[in-house]
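Residues per chain, in single letters:
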Amino acid sequence: MAKILEFAFDIACPYAYLASIQIEDVALRCGAKLIWTPVLLGALYGLSKAPQGKSGSAIDMMPKAKQKFIVSDLVVQGEHIGAPIIYNNKHPIQTVAALRLILSTPVELQPSIIHELYKAYWVDNVDVSDDQVLKAIAKNHKVSFCSINEESVKLQLHHNTERLADMGAFGLPCFIVNGRFYWGQDRLFLVERALGRSLAKPRRILRSKDTGMFHTLVFYHDFSSPWSFLASLQVAAIVHETQATLIYKPFLVGALFKSIGTPIEPMKELTMSKASYARQDMVDWSDYLGSNFKFPSVFPIYSVLALRVALCNTEVTDTIYHAAWVQDKRISERFVLSEVLKEAGFDADLLLEQAESKEIKNQLRENTAEAISLGACGAPTFQVLDPNGQHVALVWGQDRLNIVADMLSGWRPKSGIHNEAMIYMKLEMNNAVSKL
């Protein structure tokens, strides 16, 4: 049976642009037939009841600290895959006509016209809603521009969008394999695994060489975070490979959320479709990492005492994560935490006594304040320090540990800082104008 890889995208989505640069190689490696499926992102937002509505952008709903991280992440991911990206002054631009142009193009010509449209939007800063721009692109590919007004083309775009929404999708890019979708260009390795490449891993571009000069990885984490748990399964191998020094920094992510204006329980604020996918994504990562992940029956987890214990002895970290996210043990309860520690061979009474000391309580507050001052927006957060102890980058999310590993091996984004500043400045200007 032939393998099919369907790529759902909108020209207005920067992450779909990054995916478009990689997707043909993914299909080739997997021996899959690639189907390009234009979708209206705004309409998908409306159908999935996204809080930003049909005409907004997902970033509009984020606190400033998270917006800055998203901008930085976009720039870094672009450089990591070798994709130039310049924030379009007019973003978000209406792409209905551009997507109809793709659908009215013969299938064999669609990839080339899609790449030209993406370049126009995300590299050349062109307004792809302008008919003259689209007519020029159509002419370059010897395609009739008039065909975009055919009723069959309009209906196909509508059908594509509704079908994706019916599958539970809420954003782009999406990749459909064997009847289910994967969301995000950073999940392409999962797509490859679903297509039979069982050894596929997140993208790496640099491997560490023994230069005698080693980096440091500071791991800000909270036992209440499932993503911190997934990160905890990976950091030891990464620092071993890169010969980096690992520093654990337990902190209170709830206090961070309160400080930056994020809901204390972000999962509760997600739309039904996005919350459902988040749960599935956790399982996907757990399967990839070989863990028997189990979402706790009592959530959120009150992690203060456990974090204090981890400050007393970092060696308990993996034990506590395993108890909370595999064994479904209520580590917020003192007696349960004590039993978990004893079963793992730790002196539970001593650790729990030390955890009540003023010094340890202050240390947890200091770690939390430190994470806030650095600009963190969630857990896990990773700070990469160079061999001289100087700050290299702050990275958010366990799904960016491949990039963290490359940074620990010496990789640096070349134009990142300038490009991030320009994108964020334009984003601020767009937000200000939209509120006038």
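Residues numbered from 1 in each chain as written. Predicted model: local features only at pLDDT ≥ 70, side-chain atom pairs only at ≥ 80, totals over all residues. Heavy atoms only, no water.

(A) Spotlight on the packing of helix α5 (residues 110-122) against helix α6 (residues 131-140). Here α5 crosses α6 at 145°, and the two axes come no closer than 10 Å. In terms of crossing hand, the pair formed by α5 and α6 is right-handed. Mapping the contact onto sequence places Ile113, Glu116 and Leu117 in α5 and Leu134, Ile137 and Asn140 in α6. Of the residues in the contact of α5 with α6, the class split is four nonpolar, one polar and one charged. (Axes fitted to C-alpha atoms, helices over the stretch in contact; angles between N-to-C directions. Helix = DSSP H or I, 4+ residues; strand = E, 2+ residues; numbered from the N terminus. Left-handed = near helix turned anticlockwise from the far one by under 90°. Contact = heavy atoms within 4.5 Å. Nonpolar A, V, L, I, M, F, W, Y, C, P; charged D, E, K, R; others polar.)

(B) Local environment of the sheet that holds strand β4 (residues 180-183). Taken together, four strands build an open sheet; the order of strands is β2-β1-β3-β4 and the sheet is mixed. Either end of the sheet is taken by a strand with one partner, and the two such strands are β2 (32-38) and β4. The mean angle between the axes of side-by-side strands here comes to 25°, regardless of whether they run parallel or antiparallel. Here strand β1 (residues 3-9) pairs with strand β3 (residues 174-177) via three bridges, running antiparallel. Bridging across to β3, Phe7 finds its partner in Phe175. Across the sheet, α5 touches β1 and β2, and the angle it forms with β2 is around 50°. (Pairing = 2+ DSSP bridges.)

(C) The confidence of the model for the chain, seen in detail. Averaged over all residues, the pLDDT of the chain equals 93, while 94% of them reach at least 70. Across residues 428-436, confidence stays below pLDDT 50; counting only partners more than four residues off in sequence or on other chains, it has eight contacts. (pLDDT = per-residue confidence, 0-100.)

(D) The arrangement of the packing of aromatic side chains in detail. On inspection of all chains with the given rule, the structure shows 28 aromatic pairs. Their ring planes at 40° and their centres at 5.8 Å tell us that Tyr17 and Tyr118 sit as a pair that is tilted. Remark: Tyr118 occurs in helix α5 and Tyr17 occurs in helix α1 (residues 14-30); sequence separation between them is 101 residues. In this structure, Tyr17 and Tyr118 share a single accessibility class: buried. Summarising the aromatic geometry, the rings of Phe299 and Trp325 are spaced 6.1 Å apart at their centres and angled 65° between planes, so their arrangement reads as edge-to-face. (Phe/Tyr/Trp six-rings, centres within 6.5 Å; stacked < 30°, edge-to-face > 60°. Buried < 20%, exposed > 50% of the residue type's maximum accessible area, 1.4 Å probe, protein only.)

(E) Structural view of the pattern of salt bridges. A complete count under the given rule lists 21 salt bridges for this structure. Residue Asp281 is joined to Arg187 by a salt bridge in which the shortest nitrogen-to-oxygen separation is 2.6 Å. One end of the pair, Asp281, is in helix α13 (residues 272-289); the other, Arg187, is in the loop between β4 and α8 (188-194), with 94 residues separating them in the sequence. Here Asp281 and Arg187 have matching classes, each one buried. When the shortest N-O distance is used, the salt bridge between Glu241 and Arg204 registers 3.0 Å. Placement of Glu241 in helix α10 (residues 235-242) and of Arg204 in the loop between α8 and β5 (216-221) is noted, with a sequence separation of 37 residues between them. Here the salt bridges share partners, and the residues they tie into one network are Asp73, Asp186, Arg187, Asp281, Asp399 and Arg400. (Salt bridge = Lys/Arg side-chain N within 4 Å of Asp/Glu carboxyl O.)

(F) Focus on α6. Of all the positions in α6, only Leu134, Ile137 and Ala138 are classed as buried. Summarising the axial view, the buried residues of α6 lie within an arc of 100°, below the 170-degree limit, and thus occupy one face. In α6, the exposed positions that point more than 90 degrees away from the buried face belong to Gln132, Lys139 and Asn140. Where α6 begins, one side-chain oxygen reaches toward the backbone nitrogen of Gln132, 2.8 Å away; that side chain belongs to Asp130. (Arc of directions from axis to C-beta. Polar contact = N/O pair within 3.5 Å; in protein donor to acceptor, adjacent residues only side chain to side chain.)

(G) Fine view of the sheet that holds strand β8 (residues 391-396). Read from one edge to the other, the open sheet built from four strands follows the order β6-β5-β7-β8, with strand pairing classed as mixed. In this open sheet, the two edge strands, each paired with only one partner strand, are β6 (245-250) and β8. Each neighbouring strand pair of the sheet contributes to a mean axis angle of 20°, computed without reference to strand direction. Where β5 and β6 come together, six bridges link them in parallel fashion. Each residue of the ladder has a partner; that of Tyr220, found in β6, is Lys249. Each of β5, β7 (381-385) and β8 is contacted by helix α19 (residues 401-408), which is oriented at about 10° to β7, the strand it contacts most.

(H) Structural context of unusual backbone geometry. Here the bond from Leu172 into Pro173 is cis, since omega is 0°, no more than 30 degrees from zero. As for its position among the elements, Pro173 is in the loop between α7 (151-166) and β3. The linkage connecting Phe299 with the following residue, Pro300, adopts the cis geometry, with an omega of 10°. By the secondary structure assignment, Pro300 is in the loop between α13 and α14 (304-312). The backbone of Asp328 sits at a positive phi, close to 55°, despite the residue not being glycine. Relative to the elements of secondary structure, Asp328 occurs in the loop between α15 (317-325) and α16 (334-343). On the accessibility criterion, Asp328 (17% relative accessible area) is buried.

(I) View of the side chain of Asp73. Its place among the elements puts Asp73 in helix α3 (residues 64-80). Judged by its relative accessible area of 16%, Asp73 is buried. Within the local environment of Asp73, its side chain forms a polar contact with the side chain of Tyr15, the two groups lying 3.4 Å apart. In this structure, Asp73 is in contact with Tyr15 and Arg400, ignoring residues within four places of it in sequence.

(J) Looking closely at the environment of Phe295. In this structure, Phe295 sits in the loop between α13 and α14. Along the chain, Phe295 and Arg279 lie 16 residues apart, while their C-alpha atoms are 8.3 Å from each other. Apart from residues lying up to four places away in sequence, Phe295 is in contact with Arg279, Met282 and Trp325.

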